[in-house]
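What the coordinates show
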Amino acid sequence: NEVYVEENLWKPTPIMSDSFVASDGTNLSGHTADGNGHEISGGGNAWSINSGGFEINSNTCEWNGNGNFGSRAVYDFDESDVFLEADIEEVSGSAYTGICFRMNGDTGWFVAMSWVSNELQIIERTGSGNTVRATLTGLTDTRYHLQVRVEGADIYAMITDQYETVFNGVSYTSASTN
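Small disclaimer: the values here were computed from a predicted structure and weren't measured. (Residues numbered from 1 in each chain as written. Predicted model: local features only at pLDDT ≥ 70, side-chain atom pairs only at ≥ 80, totals over all residues. Heavy atoms only, no water.)

1. Section: the pattern of salt bridges
Side chains bearing opposite charge may pair, as long as their charged atoms lie close to each other. Applying the stated criterion across every chain yields a total of five salt bridges. The residue Glu 124 makes a salt bridge to Arg 133 at a minimum N-O spacing of 2.6 Å. With a shortest N-O distance of 2.6 Å, Arg 149 and Glu 151 are connected by a salt bridge. One salt-bridge network, in which partners are shared between bridges, spans Asp 87, Glu 89 and Arg 143. (Salt bridge = Lys/Arg side-chain N within 4 Å of Asp/Glu carboxyl O.)

In structure tokens form, the structure reads like this:
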């Protein structure tokens with residue numbers, strides 16, 4: 001599951017960004033993305049909570065312990081081919097942390113770090129459950145920078161650790177759902 005990725009493929013202009021500037025304890029639901037001056041369409045849309053609970057603390061979005069693997073904060077920017085990135089960190093009680101995309105109710109895709117198995121996983125989510133479509137193993141840190149590129153039926157993910165060590169990526173090229 002190794003993928004060679006040309007450097008310029010990972011540096012598109014973001015279509016949204018959020019630096020999560022708010023008072024500690026602010027519920028993410030209804031928080032307006034600030035754009036941070038980097039997005040194509042500017043800021044303005046608000047986050048919503050599909051399931052579970054999230055809040056802002058120290059300018060980061062954090063799961064607040066409510067919900068389970070299905071906990072999802074949603075920012076709808078009406079694009080299916082996207083480049084997404086986020087800093088993810090292990091949280092006590094959380095088995096997974098990651099990015100979901102192309103979500104329609106309980107159907108869609110996740111690229112998530114499994115803190116239990118130390119794997120980066122591409123996961124297809126349907127109403128009946130989750131199917132792991134690809135994995136990258138051997139990841140043992142508790143904080144990573146995750147980048148995901150979704151284009152047509154192709155999903156590519158790359159992860160770097162806190163020291164900016166680049167690990168091989170993982171991909172899945174038959175993502176036909178959504």
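2. Focus on the nonpolar core
Formed by 24 residues in total, the largest nonpolar core has its most connected members in Phe 101, Val 111, Leu 120, Ile 122, Leu 146, Val 148 and Ile 155. When contributions to this core are tallied by element, the ones reaching two or more residues are strand 6 (82-89), strand 7 (96-104), strand 8 (107-114), strand 9 (119-126), strand 10 (129-136), strand 11 (143-151), strand 12 (154-161) and strand 13 (170-172). If one sorts the elements of this core by residue count, strand 11 sits on top with four residues. Counting residues in hydrophobic clusters, the runner-up holds eight residues, among them Phe 20, Ala 33, Ile 56 and Tyr 75. (Core = buried A, V, L, I, M, F, W, Y, C linked by side-chain atoms within 4.5 Å. Buried < 20%, exposed > 50% of the residue type's maximum accessible area, 1.4 Å probe, protein only. Helix = DSSP H or I, 4+ residues; strand = E, 2+ residues; numbered from the N terminus.)

3. Quick word on the environment of Trp 115
Note that Trp 115 resides in the loop between strand 8 and strand 9. The spatial distance from the C-alpha of Trp 115 to the C-alpha of Asp 141 is 9.1 Å, given a sequence separation of 26 residues. Residue contacts for Trp 115: discarding those within four places in its chain leaves Glu 89, Glu 90, Ser 94, Ala 95, Tyr 96, Thr 97, Asp 141, Thr 142, Arg 143 and Tyr 144. Within the local environment of Trp 115, its side chain forms a polar contact with the side chain of Thr 97, the two groups lying 2.8 Å apart. (Contact = heavy atoms within 4.5 Å. Polar contact = N/O pair within 3.5 Å; in protein donor to acceptor, adjacent residues only side chain to side chain.)

4. Quick look at the side chain of Asn 57
Positionally, Asn 57 belongs in strand 3 (residues 54-57). You can call Asn 57 buried: its relative accessible area is 15%. At 2.9 Å, the side chain of Asn 57 and the side chain of Glu 55 are in polar contact. In terms of polar contacts, Asn 57 uses its side chain to reach the side chain of Glu 62, at 3.1 Å.

5. Section: the packing of aromatic side chains
In the structure shown here, the tally under the stated rule is two aromatic pairs. Consider the rings of Trp 109 and Tyr 172, whose centres lie 5.7 Å apart with planes at 40 degrees: the pair is tilted. On the criterion of sequence distance, the pair formed by Trp 109 in strand 8 and Tyr 172 in strand 13 is long-range, its members being 63 residues apart. Across the pair, exposure class does not vary: Trp 109 and Tyr 172 are buried alike. (Phe/Tyr/Trp six-rings, centres within 6.5 Å; stacked < 30°, edge-to-face > 60°.)

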